[in-house]
Amino acid sequence: MNQINETHDAALKSFIESANDGLTDFPLQNLPFAVFRRAGTSETFRGGVAIGDQVLDLAALAAKSVLAGDAAAACTAASESTLNLLMAMGLPAWSALRLALSRALRVGSAHEPQIRACLLAQHDVEYGIPAQIGDYTDFYTSVYHATNIGRLFRPDNPLLPNYKWVPIGYHGRASSVAVSGQSFPRPVGQIMPPGATEPVLAPSKRMDYELELGIFVGQGNALGSRVTIAQAESHVFGVCLLNDWSARDLQAWEYQPLGPFLAKNFATTISPWIVTLEALAPYRAGWTRVAEDPQPLPYLDSLENRQQGAFDIQLEVLIETPRMRELELPPERLCLTNYRHAYWTLSQLVTHHTVNGCNLQPGDLLGTGTLSGPTATEAGALIELTVGGKQPVALSTGESRTFLEDGDAVILRAHCEKPGAARIGFGQSYGRISPAAAL
Ligand code: CA
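Residues numbered from 1 in each chain as written. Predicted model: local features only at pLDDT ≥ 70, side-chain atom pairs only at ≥ 80, totals over all residues. Heavy atoms only, no water.

Time to look at the side chain of S246. Along the polypeptide, S246 turns up in strand 15 (residues 246-247). A residue is classified by how much of its surface remains accessible, and S246, at 0% relative accessible area, is buried. There is a polar contact of 2.8 Å between the side chain of S246 and the side chain of K264. Once residues lying within four places of it in the same chain are set aside, the contact partners of S246 are R206, M207, D208, E210, Q251, A263, K264 and F266. (Helix = DSSP H or I, 4+ residues; strand = E, 2+ residues; numbered from the N terminus. Buried < 20%, exposed > 50% of the residue type's maximum accessible area, 1.4 Å probe, protein only. Polar contact = N/O pair within 3.5 Å; in protein donor to acceptor, adjacent residues only side chain to side chain. Contact = heavy atoms within 4.5 Å.)

Moving on, we come to the coordination of the calcium ion. Looking at the calcium ion, one finds its protein donor set to be D138 (OD), E210 (OE), E212 (OE) and D244 (OD), positioned 2.2 to 2.3 Å from the metal centre. Read in sequence order, the donor residues for the calcium ion give the motif D-x71-E-x1-E-x31-D. Exposure class is identical for E210 and E212. Each is buried. (Donors = N, O, S within 2.8 Å, 3.2 Å for Na, K, Ca; no water.)

Glancing now at the pairing of strand 20 (residues 314-320). Counting buried residues along strand 20, six of its seven residues qualify, which places the element largely inside the surrounding structure. Relative to strand 21 (residues 332-338), strand 20 is paired through six bridges, and the arrangement is antiparallel. Each residue of the ladder has a partner; that of V317, found in strand 21, is C335. Across seven bridges, the pairing between strand 20 and strand 25 (residues 409-416) is antiparallel. When the sheet's bridge partners are listed, L318 is paired in strand 25 with I411. (Pairing = 2+ DSSP bridges.)

This paragraph deals with the packing of aromatic side chains. Scanning the entire structure with this criterion turns up ten aromatic pairs. With centroids separated by 5.2 Å and ring planes inclined at 90°, the aromatic side chains of F153 and Y255 adopt a geometry described as edge-to-face. Of this pair, F153 sits in helix 6 (residues 143-153) while Y255 sits in the loop between helix 7 (248-254) and strand 16 (268-270); the two residues are 102 residues apart in sequence, bridging distant segments of the chain. In this structure, F153 and Y255 share a single accessibility class: buried. On the basis of an interplanar angle of 65° and a centroid distance of 4.9 Å, the ring pair of F184 and W245 is categorised as edge-to-face. Linking F184 in strand 9 (residues 182-185) with W245 in the loop between strand 14 (236-243) and strand 15, this pair joins segments that are 61 residues apart in sequence. Among the residues examined, F184 registers a relative accessible area of 4% and is labelled buried. Classification of W245 by relative accessible area gives buried; the value is 0%. The rings of Y140, Y163, Y343 and W344 are connected pair by pair, giving a single aromatic cluster. A cation sits over an aromatic face here: R289 above W344, 4.5 Å from the ring centre. The ring of Y283 is capped by K418, whose NZ or CZ atom sits 5.8 Å from the centre of that ring. (Phe/Tyr/Trp six-rings, centres within 6.5 Å; stacked < 30°, edge-to-face > 60°. Lys NZ or Arg CZ within 6 Å of the ring centre and 35° of its normal.)

Geometry only, nothing functional implied.
See below:
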């Protein structure tokens, strides 16, 4: 596990002023990775690191021979159009690069002139999908979400008996994962109208979002091998925001017996920046399993996981309706919750995924599942907030929503803060629904 080191020192300041205001998502202590290019160009995407309101171009930096050793090798790997090579290098390389960049970006850095020559303003760039995602798995790690959803779909039997023993997941679709800023048409699919005896093909009327974190796999494991819980975190490169858009009416009709299919695979929006586990080290939290619940089987349990396997990440969902844009009003918050409440930790997800010998590969993406917290206002999806569409959410514009309407955008944000540590953030995931394509 990553420990606190000099890169986390809250007193560190960068010569880039915008990194030092205490409000930015991207102070010197964060240093998340993305792939980017100048907006509106056909330049090749390359790796970058966020610092204040700037992006440090890692391809440009690699060409300047400012870094040495493992850090230089990692910087060269990050010059590619995806981060898969960097992800495959493993923790020593990621950590060496983080330390070198932290030192190079500090006030008094001997490399300030060379670094300045590699900076672009974030508002002048566009982002790509940070990795070539071979496979995408979505888990279901909030017991509150599982219970709330289960109650709506199966009132007599909300939480299935396996839930508290096995981290539930399904194989999602990597091809429809897109980066923040996307707009996509409302999906069309088979829907069984209430009281009907035959389904119809129609645009979804129950469009929803799901507030999740995405976990990017770093080093993989060979087919047939397994990753132990002690090794699990060394296989994780970092974490981003993930919106698992969901068409609830398609889902209700299709989900039995094999789980979600077309209700989920038309769009998944992720934030461009990947925050490394090392950056999150100050925000580790203990993980517990209440005494009345089954305790994890030994392969999913360890002292280390119980002491600091969870992360204190504050999560937020906002909605921006066309009316808000018209009136130039800011997006409105729908939910505030925390990753701490997850029933299974990130280590348990990686361990369980590989226990049968399934091979994870660099750049694979694991969704945590909707991260609803224990109270009603901490629900990470509209279907929970509105109790299946029965209790509309009132917005300050006088509008209300049960599910999402055309033109609505959903914004996910996250950050970590506590006394004695630098506040770090994740940027955002923004996605907007356009009208369904004509049938
Ligand atoms: Ca999900």
